Amino acid sequence: MSKENKTETILTCYHCGDECKDDSTRIDEKVFCCNGCKTVYEILDQNKLCNYYNLDQNPGISPSLNFGNRFDYLDDPSTIQKILDFQDENISKATFHIPQMHCSSCIWLLENLYKLNNAVTHSQVNFLKKELNVTFVHNRISLKELVKLLTSIGYEPQILLESVEQKPDNKVSQTLHLRIGVAGFCFLNVMVFSFPEYLGIDVIRQGRTLTADSFLKNFFVTLNFILSLPVVFFSGWEYFGSAIKGLRKKIINIDFPISLGILALFGRSIYEAASQSGAGYFDSLTGLIFLLLIGKFFQEKTYSYLNFERNYKSFFPLSVTIKSKDPAFDGQDGIEKSIPINKLMVGNRIIVRKNEIIPADSILFNGDGRIDYSFVTGESKPVSKVSGEMIYAGGRQLGSAIELEVIREVSQSYLTQLWNNDIFNKKSESFFTNFSNVISKRFTIFVLLTAFISAAFWLPSSFATAINVFTAVLIVACPCAIALSVPFTFGNAMRIFGRNKFYLRNTSVIEDLGKINSIVFDKTGTITQLGKSDLVFTGAVLNSFQQKIIKSLVRNSTHPLSLKIYNSLEADEFFPVTKFDEIPGLGITGVVYGSRIKVGSKEYVNQSAHVYDLATKIFVSINNEVLGFFTLTNSYREGIADVVKSLSRRFKLSLLSGDNEGEKFNLLKFFNKEDELLFNQSPEDKLDFVKSLQSSNKKVLMVGDGLNDAGALKQSDVGVAVTEDISSFSPACDAILDATNLNMLPKFLNYSQSAIKIIYISFVISFLYNLIGLSFAIQGMLSPLIAAILMPLSSISVVLFATISTNLLA
């Protein structure tokens, strides 16, 4: 490829676009600046990936292929463990920061790594963060080879071992500051050099000789033209680049009309300067770009200040059970207590029970691990682990309780990323997102038509006015406010929910909450408060050994009734439990020192004798001999009567319980007779009930404990898991509600509907702004400079309105 001028031919690299010293490095007609670029082209050509060059002009990064021993540190197992997010027998996952990522072709190539090496099974780009998530088969390509592969095609990862949470420098912000500096400097100087025009100095011709004033004026016009060049082609290039990339994808984005407006002013100014018919609009042009960039700067600052933690790490609370030494036990055992996950430190011993998530990379210290990594890999096949083996964060324990020692600090952002994985998200279309997308696409076309029609109207009477009108219309009209109102309203609402201990999976849950018209409650652990319930054992007197083995068994379960029994027994020693199993809705079983223990319903422990069962009873058997049962007197959560009364005015209410009808009389004190109260419900029954409501066009909110009703939670339009200590979370639920704030559920639902109303109002404000702005611009009453000030102000005003309104309503 070549570029010619009158004196010489400049050779440019086919891959990266840099200047070539000569044409010695070439393939056919394609010239390359170095062997590195030539090698990358050969790699892409061999793998039939040359479509990469069709996505952008000279999109490549010139790589250095002289690796030497630069990546030898990636042979060290301890270093590899610091970099990898996950590893099992076959696959590994890693997240790399790729600062060289700069365009759509970069994304395309990085997401097609599997075509370069089939050991890479999946790669996904987060362009905003310049991150690349790679899943690869480590038996076929090592981490070192993967990094070399990325480097060989021009995308060397920036590997930071100091901290997985360390953020790279924000090059985008630095570039924006530089663009503003250049535009501001040139704008101020253009204003100074425009004084002859401002002072009304006219060009006076005396024959063919120009006066000194005329020479001075033309000299300043030339200086203004020179100063405008870096403003247009450096400071304003981001608008042109974005517009060009959009057009290549056959998309007219919002930067396209802005680019047209800049070009209109620039072209008119060059014409006047060249023909000496006027001074042009160089002051307006440089001022326009400067103010547009200032507006973008203030938008960034506003959004940063109002940042609602898009990764939710500050508002996603997990607690974990740690084991600390207690001198009273002579070091034989430790006290178990629950702490917030952000206080978990390297070296802590943690207890993970069945269905709980491993919160941090750990070494298995005690027990048999059966780990489900479906959160991480999407594969639900359990992996067996024994003492001394490493278990990665995000795995779920399926067997009995295990003891782990933490070896890496917890990454809440990693865990919330897993919870918000698309695999587990419910596929519901967002009305507001679709509406914003449609408006944004059509709005630009409408603005272009309005600008051309307005310019054509003014052209016969005044060319200068036509240019001003054309530019002002293109600049002042902006759909950004419409696009921003949805994420900022829902984002701030989500932050406020989090402060009130209501933790949502993502912002779309708020929109779904606003559509709810039917609510289904689970009973045990949801509307009942086990902490204040009395538990009485009826039957044979339990000796010390029996209490210890029963407590050892229930210690492995996260079910509220198991926790209640665990806290009621005074045993101070735990025995190993093998062959542990838990059947939702029935009970748990396990073997302790050869004895088979069962704890659960009457049917589960094979109790045949008639027992008066108008209460919640949990039976206990050892080696098929029923010892007796625990009787639980239900204690309902404070304020539940007001919650049900408030919700019954606007929603259809139902209650599902796995227990018998013993509590029906008490429940009718809260619920109405027309409400559906169903008992002896298995997990499958609860799932079928939710499906039946949805088949009658109901939008269902399921409120449960996330254990026996996981299927119903997942099937419902919104599933809320109510929990006492927030010790676990599940892909089945869309939100986690701290049990102490269940009485605020009506307020949460009202607030969700209010957030939707705020979005509608934001849409109206944005529409009125554009209507008024366009009406002034069309009449020629709005200069491009004023339009440049108003455009970012519209976005900022809508964002401020959304944020302030959601705060006030909260």
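Residues numbered from 1 in each chain as written. Predicted model: local features only at pLDDT ≥ 70, side-chain atom pairs only at ≥ 80, totals over all residues. Heavy atoms only, no water.

Asks: Kindly report on the overall build of the protein chain, identifying the contributing residues and their values.
Replies: Each helix and strand counted, the protein chain has 26 helices and 33 strands in total. Each of the 810 residues in the protein chain was classed as buried or not, and the buried ones make up 52%. Counting contacts in the protein chain only where the partners sit at least 6 residues apart, residues at least 24 apart contribute 66% of the total. Here the protein chain displays about 38000 Å² of accessible surface, and carbon together with sulfur accounts for 55% of that area. (Helix = DSSP H or I, 4+ residues; strand = E, 2+ residues; numbered from the N terminus. Buried < 20%, exposed > 50% of the residue type's maximum accessible area, 1.4 Å probe, protein only. Contact = heavy atoms within 4.5 Å. Areas by Shrake-Rupley, 256 points an atom, 1.4 Å probe, with all protein chains shown as cover.)

Asks: I'd like a description of the packing of aromatic side chains, backed by residues and values.
Replies: What describes a pair of aromatic rings is the distance from one ring centre to the other and the angle between the planes of the rings. One pass over the full model with this rule turns up 20 aromatic pairs. For Arg-349, the ring lying beneath its charged end belongs to Phe-365, and the centroid distance is 3.3 Å. (Phe/Tyr/Trp six-rings, centres within 6.5 Å; stacked < 30°, edge-to-face > 60°. Lys NZ or Arg CZ within 6 Å of the ring centre and 35° of its normal.)

Asks: Run through unusual backbone geometry, naming residues and quoting values.
Replies: One non-glycine residue, Asn-623, adopts positive backbone phi at about 55°. Within the secondary structure, Asn-623 sits in the loop between strand S27 (616-622) and strand S28 (625-633). By relative accessible area, which is 45% here, Asn-623 ends up partly exposed. A positive phi angle is found at Asn-697, which is not glycine, with a value near 65°. Its location among the elements puts Asn-697 in the loop between helix H23 (683-695) and strand S31 (700-704).

Asks: Go over the nonpolar core, please, and point to the residues and values.
Replies: Judged by nonpolar contacts, the single largest core of 47 residues is most densely connected at Ile-262, Leu-285, Ile-289, Leu-293, Val-473 and Val-476. If you list the elements that add at least two residues to this core, you get helix H6 (171-193), helix H8 (212-235), helix H9 (237-248), helix H10 (255-275), helix H11 (282-305), helix H14 (431-458), helix H15 (463-476) and helix H25 (745-778). Sort the elements by how many residues they give to this core and H15 lands first, with eight residues. Not counting the four nearest positions on each side in its chain, Ile-262 is found in contact with Tyr-239, Phe-240, Leu-285, Leu-288 and Ile-289. (Core = buried A, V, L, I, M, F, W, Y, C linked by side-chain atoms within 4.5 Å.)

Asks: Explain the environment of Ser-682 to me, and be specific about the residues and the numbers.
Replies: With respect to the element layout, Ser-682 can be found in the loop between strand S30 (676-678) and H23. According to the relative accessible area criterion, Ser-682 is partly exposed, its value standing at 24%. With 27 residues separating them along the chain, Ser-682 and Asp-709 place their C-alpha atoms 8.5 Å apart.

Asks: Which residues make up the pairing of S28, and what are the values?
Replies: When strand S23 (residues 534-539) meets S28, the two strands line up antiparallel, connected through six bridges. Paired with Val-536 across the strands is Thr-631, a residue of S28. Connecting the antiparallel pair S27 and S28 is a turn made up of two residues, with Asn-623 showing a positive phi of about 55°. (Pairing = 2+ DSSP bridges.)

Asks: So what about the packing of H10 against H15? Which residues, and what values?
Replies: Relative to each other, H10 and H15 sit at 155°, their axes nearing to 8 Å. On the basis of the axis angle, H10 is roughly antiparallel to H15. Two packed elements cross with a definite hand, and for H10 against H15 that hand is left-handed. Contacts between H10 and H15 involve Pro-257, Ile-258, Leu-260, Gly-261, Ala-264, Leu-265 and Arg-268 from the first element and Phe-463, Ile-467, Phe-470, Thr-471, Leu-474 and Ile-475 from the second. (Axes fitted to C-alpha atoms, helices over the stretch in contact; angles between N-to-C directions. Parallel < 35°, antiparallel > 145°, perpendicular 65-115°, else oblique. Left-handed = near helix turned anticlockwise from the far one by under 90°.)

Asks: For the sheet that holds strand S9 (residues 131-137), give the residues involved together with the corresponding values.
Replies: Read across the open sheet, the four strands follow the order S6-S7-S9-S8; overall the sheet is antiparallel. Two strands lie at the open edges of the sheet, namely strand S6 (84-87) and strand S8 (120-126), each paired on one side alone. Sheet twist, expressed as the mean angle between neighbouring strand axes with direction ignored, is 10°.

Asks: Summarise the pairing of S27; cite the residues concerned and give the values.
Replies: In terms of residue burial, S27 counts as a mostly covered element, since seven of its seven residues are buried. Of the two faces of S27, both are covered, the one formed by Thr-616, Ile-618, Val-620 and Ile-622 as well as the one formed by Lys-617, Phe-619 and Ser-621. Direction of pairing for strand S26 (residues 595-600) relative to S27: antiparallel, over a ladder of four bridges. By the bridge assignment for S27, Val-599 is matched with Val-620.

Asks: Account for the sheet that holds S27, naming residues and giving values.
Replies: Read across the open sheet, the six strands follow the order S23-S28-S27-S26-S25-S24; overall the sheet is antiparallel. If you trace the sheet from one side to the other, it starts and ends with S23 and strand S24 (578-583), each paired once. The average undirected angle you get between the axes of adjacent strands in this sheet is 15°. Bridge count between S27 and S28: seven bridges; the pairing is antiparallel. Following the sheet pairing, Ser-621 is matched in S28 by Val-626. Against the sheet, helix H19 (residues 544-554) touches S24, strand S25 (587-592), S26, S27 and S28, its axis set at about 125° to S25. Packed on one face of the sheet, helix H20 (residues 560-568) meets S23, S25, S26, S27 and S28 and runs near 100° to S28.

Asks: Give a detailed account of helix H5 (residues 143-152), specifying residues and quantitative values.
Replies: Counting buried residues along H5, eight of its ten residues qualify, which places the element largely inside the surrounding structure. Leu-143, Lys-144, Leu-146, Val-147, Leu-149, Leu-150, Thr-151 and Ser-152 are the residues of H5 that are buried. With its phi angle positive at about 95°, Gly-154 sits one or two positions after the end of H5.

Asks: Can you tell me about the confidence of the model for the protein chain, naming the residues and giving the values?
Replies: In the predicted model, the protein chain carries a mean pLDDT of 77, and the fraction of residues at 70 or more is 75%. Mean pLDDT per element in the protein chain: strand S1 (residues 2-4) is the minimum at 40, and S26 is the maximum at 91. Long-range and interchain partners of residues 203-210, a stretch whose pLDDT sits below 50, account for eleven contacts in this model, where long-range means more than four residues apart. Of the regions scoring below 50 in pLDDT, residues 306-317 engages in 35 contacts with residues more than four places distant in sequence or in other chains. (pLDDT = per-residue confidence, 0-100.)

Asks: Now, about the pattern of salt bridges: what can you tell me, with residues and values included?
Replies: Taken as a whole and assessed by the stated rule, the structure comprises eleven salt bridges. Put simply, Glu-356 and Arg-353 hold a salt bridge, and the shortest N to O gap is 3.0 Å. Across this residue pair, the class does not change: Glu-356 and Arg-353 are buried. (Salt bridge = Lys/Arg side-chain N within 4 Å of Asp/Glu carboxyl O.)

Asks: Please provide a residue-by-residue account of the side chain of Asp-361, values included.
Replies: One can find Asp-361 in the loop between strand S14 (349-352) and strand S15 (362-366). There is a polar contact of 2.8 Å between the side chain of Asp-361 and the backbone nitrogen of Ala-393. When neighbours within four sequence positions are excluded, Asp-361 is seen to be in contact with Met-390, Ile-391, Tyr-392, Ala-393, Val-406, Ile-407 and Arg-408. (Polar contact = N/O pair within 3.5 Å; in protein donor to acceptor, adjacent residues only side chain to side chain.)

Asks: A description of the packing of helix H21 (residues 640-648) against H25 should follow, citing residues and the corresponding values.
Replies: In helix packing, the relevant descriptors are the interaxial angle and the interaxial distance, both defined with respect to the helix axes. Axis separation between H21 and H25 bottoms out at 9 Å; the angle between their running directions is 35°. Residues Val-643, Ser-646 and Leu-647 of H21 touch H25, and the partners they reach there are Leu-745, Pro-746 and Leu-749.

Asks: Quick one: what's the story with H10, residue by residue and with numbers?
Replies: Each full turn of the α-helix corresponds to 3.6 residues, which orients residues three or four apart in the same direction. Compared with an ideal rise of 1.5 Å per residue, which puts 21 residues at 30 Å, H10 spans 30 Å between its outermost C-alpha atoms and is within 8% of the ideal. At the exit of H10 stands Gln-276, carrying a positive phi of roughly 55°. (Expected span 1.5 Å × (residues − 1).)

Asks: Account for a nonpolar patch on the surface, with residues named and values stated.
Replies: A contiguous nonpolar surface patch, about 690 Å² in accessible area, is contributed by Val-764, Phe-767, Leu-768, Leu-771, Ile-772, Phe-776 and Met-781. Note that Ile-772 resides in helix H25. Exposure remark for Ile-772: the relative accessible area of 49% places this residue in the partly exposed category. (Patch = residues over 30% accessible without salt bridge, like charges linked within 9 Å, V, L, I, M, F, W, Y side chains within 5 Å.)

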